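Residues per chain, in single letters:
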Amino acid sequence: MDALLSIVATAGSGTMMPVAAILLLAGGLAVVWPALSGGSSRSDVKRRLKVETAAPVQEKSEPAQKRKMNAVQERAARTAQEFYAKSDPENVARLRMKLIQAGYMDPRAVGMFFLIRFGGFVVGALGALIADSWLGGGEAGATSRWTFAIMAGAAGYFAPGLVLSRLVTSKMREYRNGFPDFMDLMIVCSDAGMSMEAGIERVAKELGVSYPSLSQNLTLVSLELRAGRNLEDALRSLAERLSLEEVRSFATLLQQSKELGTSLSGALRVFSDEMRHKRMSLAEEKAHALPAKMSVPVTVCILPVVLMVAIIPVIVKMTAE
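Reading the values: the criteria
Residues numbered from 1 in each chain as written. Predicted model: local features only at pLDDT ≥ 70, side-chain atom pairs only at ≥ 80, totals over all residues. Heavy atoms only, no water. Helix = DSSP H or I, 4+ residues; strand = E, 2+ residues; numbered from the N terminus. Buried < 20%, exposed > 50% of the residue type's maximum accessible area, 1.4 Å probe, protein only. Contact = heavy atoms within 4.5 Å. Salt bridge = Lys/Arg side-chain N within 4 Å of Asp/Glu carboxyl O. Expected span 1.5 Å × (residues − 1). Arc of directions from axis to C-beta. 1 Å grid on protein atoms, 1.4 Å probe; cavity = no way out; pocket = protein on both sides within 12 Å on 5 of 7 lines; lining within 4 Å. Points joined across faces, edges and corners; volume = space filled by probe spheres on them. Nonpolar A, V, L, I, M, F, W, Y, C, P; charged D, E, K, R; others polar. Phe/Tyr/Trp six-rings, centres within 6.5 Å; stacked < 30°, edge-to-face > 60°. Lys NZ or Arg CZ within 6 Å of the ring centre and 35° of its normal.

## Some thoughts on the side chain of Ser213
And step 1. With respect to the helices and strands, the residue Ser213 is situated in helix α8 (residues 212-226).
And step 2. Relative accessible area serves as the criterion here: at 8%, Ser213 is assigned to the buried category.
And step 3. Those residues in contact with Ser213 that sit more than four places away from it in its chain are Lys171, Glu174 and Tyr175.

Following this line, the structure appears as structure tokens:
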């Protein structure tokens with residue numbers, strides 16, 4: 001403080017050099033201070049910029065790896081499909097139709113199915129060998145060990161076929177439950193004056209939430225009609241994909257209605273009522289078959305217990321006497 005007063009006193013006496021020195025020092029601090037205080041923020045900015053510039057390179061490398069893996073997988077699936085197509089083309093055609101009925105429209109599905117079968121066989125056999133060496137402790141003979149491995153491999157080989165059959169059954173149940181709703185919506189579209197092609201396209205959009213698989217197949221029918229395919233042929237291919245007799249009857253109904261010149265709306269209404277009656281008949285058939293199916297578990301599980309409850313007191317009384 002005394003030094004500052006002395007500088008001011010000397011400045012008042014007429015010398016301006018100390019004042020100029022103070023101003024130069026303040027200006028230098030004003031210039032240097034942002035660099036000293038903002039160095040860390042600038043380094044953070046540089047670091048973020050560096051990360052942002054390096055991120056696209058990493059993002060580009062990941063899809064490249066995924067594309068490489070997809071290419072290898074596609075090549076393996078195509079090789080397996082070509083090999084089985086040359087050895088047994090009829091079996092490959094049946095398997096292709098079965099996969100389509102299960103909802104797998106990808107052309108590579110056949111090759112992937114064969115790869116999954118082969119992988120299931122290898123995993124089952126190796127798992128059986130490892131389990132035998134771990135649990136059996138090497139005491140089992142070589143014949144029994146290899147027999148167990150072959151049986152486990154065969155189970156892994158046929159397991160995808162069983163799963164595929166269950167998927168086809170569940171899809172057919174969905175198609176059968178959703179087709180009467182499809183017919184009702186087609187009646188509404190026909191009464192509104194829409195053509196059959198426009199009605200199928202509209203109904204396919206409406207059924208996307210409740211019956212997605214049926215909606216996908218109807219969308220495929222709409223695309224075939226746009227490509228110039230005949231309506232009867234498109235419906236026949238739909239019947240093959242869905243594996244439902246109702247769809248074949250629907251195609252026949254449209255063809256007869258077109259040839260005879262009858263009302264399409266009335267024919268669709270009658271056919272929809274018949275399909276709903278058929279679905280109700282199937283439900284009643286399952287309900288009437290339930291007592292016969294319940295007789296087996298009742299006889300096996302409940303009847304022995306009832307007999308034991310009835311006979312044991314008599315046996316105890318006779319032994320007590």
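Next comes the rest of the account.
## Looking at the pattern of salt bridges
It is possible for side chains of opposite charge to pair when their charged atoms get near one another.
And step 1. Evaluation of the coordinates by the stated rule reveals seven salt bridges.
And step 2. A salt bridge links Arg269 to Asp191, with the nearest nitrogen and oxygen atoms 3.0 Å apart. Separated by 78 residues along the polypeptide, Arg269 in helix α11 (residues 264-320) and Asp191 in helix α6 (residues 142-191) bring together distant segments of the chain.
And step 3. For Glu245, the salt bridge identified is with Arg248, shortest N-O distance 3.6 Å. In this pair, Glu245 and Arg248 are both assigned in helix α10 (residues 245-260), three residues apart and thus about one turn of the helix distant.
And step 4. Relative accessible area serves as the criterion here: at 36%, Arg248 is assigned to the partly exposed category.
And step 5. Several salt bridges converge on common partners, so that one network encompasses Glu224, Arg229 and Arg241.

## What to know about α10
And step 1. For α10, built from 16 residues, the straight-helix expectation of 22 Å at 1.5 Å per residue is met to within 8% by its first-to-last C-alpha distance of 22 Å.
And step 2. When α10 is considered as a whole, its buried residues turn out to be Glu246, Val247, Phe250, Ala251, Leu253, Leu254 and Ser257. When α10 is viewed along its axis, its buried side chains cluster within an angular range of 155° and face the same direction. Pointing more than 90 degrees away from the buried face of α10 are the exposed residues Glu259 and Leu260.
And step 3. The inward-facing, buried residues of α10 contact α6, α7 (196-206), α9 (231-242) and α11.
And step 4. Positive phi shows up at Gly261, right after α10, with a value of about 80°.

## Brief notes about empty space enclosed by the protein
And step 1. Enumeration over the complete set of coordinates arrives at two cavities of 30 Å³ or more.
And step 2. Considered as a void within the structure, the largest cavity measures approximately 50 Å³ in volume.
And step 3. Lining the largest cavity we find Arg176, Pro180, Glu246, Met275, Lys278, Arg279 and Leu282.
And step 4. Among the elements that take part in the lining of the largest cavity, α11 stands out by supplying four residues, more than any other.
And step 5. Across the lining of the largest cavity, the residue classes tally to three nonpolar, no polar and four charged.
And step 6. Here the second largest cavity is characterised by a volume of approximately 40 Å³.
And step 7. When residues of the lining of the second largest cavity are traced back to their parent elements, those giving at least two are α6 and α7.
And step 8. In terms of residues, the lining of the second largest cavity owes the most to one element, α6, which gives three residues.
And step 9. Of the residues belonging to the lining of the second largest cavity, the class tally is five nonpolar, three polar and no charged.

## Digging into α7
And step 1. Taken together, the buried positions of α7 are Met196, Gly199, Ile200, Val203 and Ala204. End-on view of α7: buried residues confined to an arc of 135°, all on one side of the axis.

## Examining the packing of aromatic side chains
And step 1. A full pass over the atoms with the stated rule returns six aromatic pairs.
And step 2. When the ring of Phe179 is compared with that of Phe182, the centres are 5.1 Å apart and the planes differ by 45°; the resulting orientation is tilted. Taken together, the residues Phe179 and Phe182, both in helix α6 and three residues apart, mark about one turn of the helix.
And step 3. A relative accessible area of 0% means that Phe179 is categorised as buried.
And step 4. Classification of Phe182 by relative accessible area gives buried; the value is 1%.
And step 5. Here the aromatic rings of Phe179 and Phe250 are separated by 6.0 Å at their centres, their planes lie at 80°, and the arrangement is edge-to-face. With Phe179 in helix α6 and Phe250 in helix α10, this residue pair connects regions lying 71 residues apart in the sequence.
And step 6. A cation sits over an aromatic face here: Arg117 above Tyr157, 4.8 Å from the ring centre.

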